Amino acid sequence: MRAVAWTLSPSAVPALRSLSLAARRRPSLAPPSSIVGGAADGVMGQALSLLPLPGQGQRREVAAAAKARPSMDRPAEEDPDLWMICGLGNPGPRYEDTRHNVGFMAIDALARQEGIACDRLQETAAVGRGRFCGKKVLLVKPMTFMNVSGEAVGKLARFYRVPPQRVLVVYDDLDLPTAQVRLRAKGGHGGHNGMKSISAHLQGTKDFPRIRVGIGRPPGSMPVVSWVLQDFSKAEREELDVALQEVIDIMRAVLTVGMDKAVSGIRVDRDGKPIKPPHSNGKQGSSSGKQGGKQGSKQKAPAAEGGADAAAAAQEQPDHALAAEQPMQKRQKQQQQQQGAPEQGSAASSAAAAPTPVAAGAAQ
C-alpha cells in the first residue's frame, strides 16, 4: 500500500489547533467507546445531522418573513370600506381575447383607468389593491381556470373579511346579446360554471352582486364551448369597448350611490354627480324625462302652422289648441245671433275662420 504524505502550510496549523480544541469541548459528538465500526459512524452521522447546514438559518428567516407578511396585511376586523371586484376568465395568452374572458377584460380596463397594478399573486389569483370612488378595492382575477374560480374568490373573501354583499363579480352571459350589460344585486348562476363555483365557496349564498356582459348565443349548430373560447370579431370588439366602459360606470354607481339606485339606472361621473346614462342598461330619470317632454313640446308647437306636422303638434298640446279656438267660436256665434243668421251658418263660418283647422280637429 502506497503511503501518501500531506504537506501543511504554516498558516493552516493554527486553524487545525482551534478545531481540535473545539472538538475536545464537545464530548457529546465523540463516539462512545462501546460502539465500534459502522455503529460509531452512524451515531456520529446522527449527531452531525442536528447541526444547522450552511444557509439553513437564512432560509428559515425568509420563510418566517413570508408567513408573517400576509398576516400583517390581513385586517383585524371587517372593513366596511373594502370591496372585492372580481372578473372571471381563463389564464394565459391563448384565452386572452376570447368571449369567456370578458370579466378579465373589465378588470384590466378598470385597472388602466385608475392606475391600479394587478401584479400581486395571492391565493392563486392576480390581485391589485387601490382606491376607487373613495373606497378601498381589491381587483381580483382568478388564475385558476373558469370552472373553479370560486376557490380563489372564496379564500380572498375570507382572508380580507369581505362579506358576499361586497363581492362584485363580472362575467360573460350567453343569454344577453353581444355587448349588452346588466346589473343584478343577486341571483342564480344561470348555468355558468364560474358563478356556480363562486356561490359554492361563498358559504353557498347567491346574495352577491354581479354584472353580466352579453356574448350572445352561438350561430347554427356550433357548440357552446367552441363559441365561448372564440375571439371577438373586429366589429364585436368595438361594441365590447363601449360595453366595458359601461361596466366601469356601473361599478362607479354601485360604490357611490348604492346598489338599489345603481340597479334603477342612476349613473354618476368621477365627481359623484348624477349623469344621464348613454348605455342600454340605464334608465332616464323621471325629472329629466319631464323636462325633456316640455322642451320637446315647446319645439313642436310652432310646427302646428305648417300643415304636415300640425296633427302631431296638436296631440302634444290639445288643451292649448281648444283654448285658442273656443273663445273665437263664441264671438262668432254672438255676432251671428246679433245679425239673425242661422245656426248652421255660424258653424260653417267658424270652421272657415279657424286659423289651425287640422290641429283643432286632431285635438278634438
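Placed above this text is the structure.
It should be emphasised that the depicted structure is a prediction, and the values quoted were computed from it without experimental measurement. Residue positions are counted from 1 within each chain, in the order its sequence is given. Residues qualify for local features only when their pLDDT is at least 70, as the model is predicted, and side-chain atom pairs are given and counted only at 80 or more; totals for whole chains, interfaces and linings, by contrast, use all residues. To get the side-chain values, all heavy atoms of the structure are used, and hydrogens and water are removed first.

**Brief notes about the side chain of D172**
Working step 1: The way it works is that DSSP assigns letters per residue, a run of H or I at least four long becomes a helix, a run of E at least two long becomes a strand, and they are numbered from the N terminus. You can see D172 is positioned in strand β5 (residues 167–173).
Working step 2: With near-sequence residues (within four places) excluded, D172 lies in contact with R99, H100, V102, M146, H192, V213 and I215. Whether two residues are in contact is decided by their heavy atoms: any pair within 4.5 Å suffices.

**Regarding the pairing of strand β3 (residues 125–132)**
Working step 1: A pair of strands counts as paired when DSSP detects no fewer than two bridges linking them. The pairing of strand β2 (residues 120–122) with β3 spans 3 bridges and is classified as antiparallel. Paired with R120 across the two strands is V127, which belongs to β3.
Working step 2: Here β2 folds back onto β3 in antiparallel fashion, the turn holding 2 residues, of which E123 has a positive phi close to 50°.
Working step 3: Looking at chain direction, β3 and strand β4 (residues 135–142) are connected through 8 bridges and run antiparallel.

**Concerning the sheet that holds β4**
Working step 1: Here 7 strands make up an open sheet; going across it, the order is β2-β3-β4-β1-β5-β7-β6 and the pairing mixed. Either end of the sheet is taken by a strand with one partner, and the two such strands are β2 and β6 (181–184). Across the sheet, the axes of successive neighbouring strands diverge by a mean angle of 25°, strand direction being ignored.
Working step 2: Judged from the 5 bridges that link them, β5 and strand β7 (residues 210–214) form a sheet pairing that is parallel. Helix axes are fitted only over the stretch in contact, all axes being lines through C-alpha atoms; the angle between N-to-C directions runs from 0 to 180 degrees.

**What to know about the nonpolar core**
Working step 1: Residues I211 and M251 are the most contacted members of the largest nonpolar core, which totals 37 residues.
Working step 2: Top element by residues in this core is helix α8 (residues 234–257). It accounts for 10 residues.
Working step 3: The residues touching I211, leaving out its near neighbours within four places in the chain, are L168, V169, V170, Y171, V181, R182, L183, V247, I250 and M251.
Working step 4: To qualify as a nonpolar core, a set must consist of buried Ala, Val, Leu, Ile, Met, Phe, Trp, Tyr and Cys residues joined through side-chain atoms within 4.5 Å. For each residue, the accessible area found with a 1.4 Å probe, counting protein chains only, is set against the maximum for its type, and the residue is called buried under 20%, exposed over 50%, and partly exposed in between. Counting 23 residues, the second-largest nonpolar core is a separate cluster that includes L82, M84, L88 and V140.

**Here we look at the side chain of R252**
Working step 1: Topologically, R252 is positioned in helix α8.
Working step 2: Under the relative-accessibility criterion, R252 is labelled buried at 6%.
Working step 3: Each residue touching R252, except ones within four places of it in the same chain, is listed here: Q113, E114, F132, C133, V268, D269 and R270.

**Here we look at the packing of aromatic side chains**
Working step 1: Only centres within 6.5 Å qualify two rings of Phe, Tyr or Trp (six-membered ring in Trp) as a pair; their planes then separate them into stacked at under 30 degrees, edge-to-face at over 60, and tilted for everything else. As enumerated under the stated definition, the model contains 2 aromatic pairs in all.
Working step 2: Between Y95 and F145, the ring centres sit 6.2 Å apart and the planes meet at 90°, which makes this aromatic pair edge-to-face. In this pair, Y95 sits in the loop between β1 (82–87) and α4 (102–114) while F145 sits in the loop between β4 and α5 (149–159), placing the two residues 50 residues apart along the sequence.
Working step 3: Residue class for Y95 comes out buried when judged on its relative accessible area of 15%.
Working step 4: Look at F159 and Y160: their rings are 4.9 Å apart centre to centre, the planes differ by 80°, and that puts the pair in the edge-to-face class. When sorted by exposure, F159 lands in the same class as Y160, which is buried.
Working step 5: Over the ring of W227 we find R99; its NZ or CZ atom is 3.6 Å from the centre of that ring.
Working step 6: Charge over a ring is defined by NZ of Lys or CZ of Arg lying within 6 Å of the ring centre and within 35 degrees of the ring normal. Over the aromatic face of F104 sits the side chain of K141, whose NZ or CZ is 5.3 Å from the ring centroid.

**A short note on the environment of K186**
Working step 1: Residue position: K186 is located in the loop between β6 and α6 (193–201).
Working step 2: When the C-alpha positions of K186 and R210 are compared, they lie 6.8 Å apart, and in sequence the two are 24 residues distant.
Working step 3: Look past the residues within four positions of K186 in its chain and what remains in contact with it is K206, D207, F208 and R210.

Such coordinate-based values are descriptive only and should not be taken to indicate function.
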